[in-house]
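Each chain is listed here by its residues.
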Amino acid sequence: MWAYIAKRLLLTIPVLIGVSFVVFVMVRIIPGDPAQIIAGEAATREFVEELRRELGLDRPIVVQFGDFLARLLRGDLGRSIRSRIPVVEDLKVRIPNTVILAAAGMVVATSLGVLAGIVSAVRPYSLLDTAVMLLALAGLSMPVFWSGLMLILLFAVMLGWLPAVGTGSWAHLILPAVTLGLTSAAIIARMTRSSMLEVLRSDYIRTARAKGLAEATVVNRHALRNALIPVITVVGLQTGNLLSGAVLTESVFAWPGVGRLMVEGIQTRDYPIVQAAVLVVALTFVIVNLVVDVLYAVVDPRIRYE
Amino acid sequence: MSETVERPLVASTRPFAGGAARVWRQFKRNRAGLVGGVIILAFLLAGLLAPLLAPYDPYDTYLERTLEGPSRDSWLGRDELGRDILTRLIYGARLSLVIGVIAVAIGVVIGVPTGALSGYYGGAADLVVQRVIDIMLAFPGILLAIVLVAVLGVGLPQVMVAVGVVSIPTYTRLVRGQVLALRSQDFVEAARALGAGTARIITRHILPNTLAVVIVQSTLQIAAAILSAAALGFLGLGAQPPQAEWGAMLSSARQYLRLAPHTVVAPGLAIMITVLGFNLLGDAIRDALDPRMRL
């Protein structure tokens, strides 16, 4: 067990360094003179030079990367080129917002997905099953940014029930969370359905029915528990989906998270901001994957021997 | 001598065991796949014949007709500059088609050989390739494309490259897995015993056997490419106005959500239906080519 965790941890280190390297290289491989391009055409020569020094572009590349990693470990992500405020200050405000959104999205995805999957599986090939699965298929093909706009149209513009954009109250969270959770809900629903169908056909379910248990007990107590094991895997895998979906959802709902910070950074060519935001999202993804993998190993001992 | 012996071996490496007729029979039975096929056919026709099908010019503005709702001479209404939305959607299909094809081509051209060599040779090269792929996969979903656009600059050609590069790991992993399974098969051993060189074994015996999964993956990957490019267009990082790209159209229309919802509904539906079509078609091709791959 510990050997597996240790091995998995060791494998993560090169990925972490690799991700940092990609983020580091981002600025260096901009075609042309990166400092000039970042500063903009109207910038003074002094500012361009100051930027070159600040970004370390005037030193050998190996020294630059070593310095970059050292600063990273100290939590120093540089300063915004536009506002001159340390990027960490921005992140302190933005990260909690993205975490709240992603967590709420996960809740929506899991509850909606598992419920839809069970409803479908209990009456397979019925009208309800077909309808739910068609909805799931539509959910899979729907662009996140468009479903967000459609939800705003329906619930904010036409019905006036919920605020369209911004933050400040729980009501503000509902539409972004549903938007973000929809695609993952569709995937989870399909997985739950097929897993439930498989379990419902098994012998021990027939036994449970044969001894006269109520259908609800059979489904909830016997089938669901076993059917949920592969579903948990899929839920874990959805983290990446939620993180990248958050970038788009935040843009639709003007939600002040890391994703929106990143997009704003690219539009204003504020590279330290972009680097920091990319780093935060990618590192979160790597670490979440690590945690999920380790949790599987705890839940399902077979994985350790693969 | 080697010719006569090798002929049946070549036959055994045919990717579509059972022949094209069987594949087509299987495919025809799948109703969802046929729906997908019809959607994609319509999409291809729209893309290829855009100038003939579109009722107007995609860039002609009619300022006296801005945000007009659907009418008899403008079925889907007009946008904020009075341009015909249906026309722009048809030209958008053409752009999406180009994006999908180029992105998939980049993925296949780089991903397939890398995966094949990495799987065939193993060892240090494989280790390096796999770690690079690990790093690429550490960027969830659209994030890697965003990073590439941040470096390459904003615009449609950059988006095609970015979306293409993002699809490389999928092909590499897929083909590597196939090659690992194939390289110790009897027919490969036989070809090696007959003195076939590595290049010949990979190109004539192994790669044809990976064709089925590459075709299926490419169909699904076109959908993913169109979706990602539209997302980048929506974020303002891809196609720029006045280009008739679906994501960019949504991006400029969203300000008029209250005044003219039709400007937002139409491009989104176009993206969704096209992506759905490719997904249905990809699933059906997978089932038809190899029923064992069915999920």
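Keep in mind that what you see is a predicted model, and the values were worked out from it rather than measured. (Residues numbered from 1 in each chain as written. Chains lettered and ligands numbered in written order. Predicted model: local features only at pLDDT ≥ 70, side-chain atom pairs only at ≥ 80, totals over all residues.)

Turning next to the overall build of chain A. Counting its secondary structure elements, chain A contains 12 helices and zero strands. For the C-alpha atoms alone, the extent of chain A along its principal axes is close to 85 × 55 × 30 Å. For chain A, the residues scored as buried account for 40% of the 306 residues in total. Expressed as a percentage of contacts within chain A between residues at least 6 apart in sequence, the contacts between residues at least 24 apart total 71%. (Helix = DSSP H or I, 4+ residues; strand = E, 2+ residues; numbered from the N terminus. Buried ≥ 20, exposed ≤ 12 C-beta atoms within 10 Å, placed from the backbone. Contact = placed C-beta atoms within 7 Å.)

Helix and strand content of chain B: 12 helices and zero strands. Taken from N to C terminus, the helices and strands of chain B fall in the order α-α-α-α-α-α-α-α-α-α-α-α. Principal-axis analysis of the C-alpha atoms gives chain B an extent of 80 × 45 × 30 Å. Going through the 295 residues of chain B one by one, you find that 50% of them count as buried. Taking contacts inside chain B between residues at least 6 apart in sequence as the whole, the part at least 24 apart equals 70%.

Residue-level contacts link 38 residues of chain A with 33 residues of chain B. Secondary structure elements with two or more residues in the side of chain A that touches chain B: α1 (2-28), α6 (127-141), α7 (144-158), α10 (215-252), α11 (258-267) and α12 (271-299) of chain A.

Residues and elements named next belong to chain A. Taken N-terminus to C-terminus, the directions of helix α9 (residues 203-210) and α10 make an angle of 150 degrees; their axes are 10 Å apart at the nearest point. Relative to α10, the element α9 is oriented roughly antiparallel. Where α9 crosses over α10, the two elements pack in a sense that is right-handed. Contacts between α9 and α10 involve Tyr204, Ile205, Ala208 and Arg209 from the former and Val218, His222 and Ala223 from the latter. The residue inventory of the contact of α9 with α10, partitioned by class, reads five nonpolar, one polar and one charged. (Axes fitted to C-alpha atoms, helices over the stretch in contact; angles between N-to-C directions. Parallel < 35°, antiparallel > 145°, perpendicular 65-115°, else oblique. Left-handed = near helix turned anticlockwise from the far one by under 90°. Nonpolar A, V, L, I, M, F, W, Y, C, P; charged D, E, K, R; others polar.)

With that settled, the discussion passes to the confidence of the model for chain A. Residues at a pLDDT of 70 or more form 97% of chain A, whose mean pLDDT is 87. Across chain A, the element-wise mean pLDDT spans from 80 in helix α2 (residues 34-39) of chain A up to 95 in α7(A). (pLDDT = per-residue confidence, 0-100.)

What follows is about the confidence of the model for chain B. Where the model shows low pLDDT, its predicted coordinates should not be examined in detail. Residues and elements named next belong to chain B. Here chain B shows a mean pLDDT of 88. Residues at 70 or above account for 92%. The secondary-structure element of chain B with the lowest mean pLDDT is helix α1 (residues 2-12), recorded at 36, while helix α5 (residues 85-121) shows the highest, at 95. This stretch, residues 1-14, has a pLDDT under 50; its non-local contacts, to residues over four places away or in other chains, come to 12 contacts. Of the two predicted TM-score estimates for the complex, the pTM is 0.87 and the ipTM is 0.86.

Residue position: Ser83(A) is located in the loop between α4 (61-73) and α5 (87-122). C-alpha of Ser83(A) to C-alpha of Val157(A): the two residues are 74 residues apart in sequence and 35 Å apart in space.

With that out of the way, let us pick up the packing of helix α2 (residues 19-29) of chain B against helix α12 (residues 262-289) of chain B. Residues and elements named next belong to chain B. Interhelical geometry of α2 versus α12 gives an angle of 135 degrees and a closest axis separation of 8 Å. Compared by their axis directions, α2 and α12 come out oblique. Two packed elements cross with a definite hand, and for α2 against α12 that hand is right-handed. Residue-level inspection shows Val23, Gln26 and Phe27 of α2 in contact with α12, the latter providing Ala284, Ile285, Asp287, Ala288 and Leu289.

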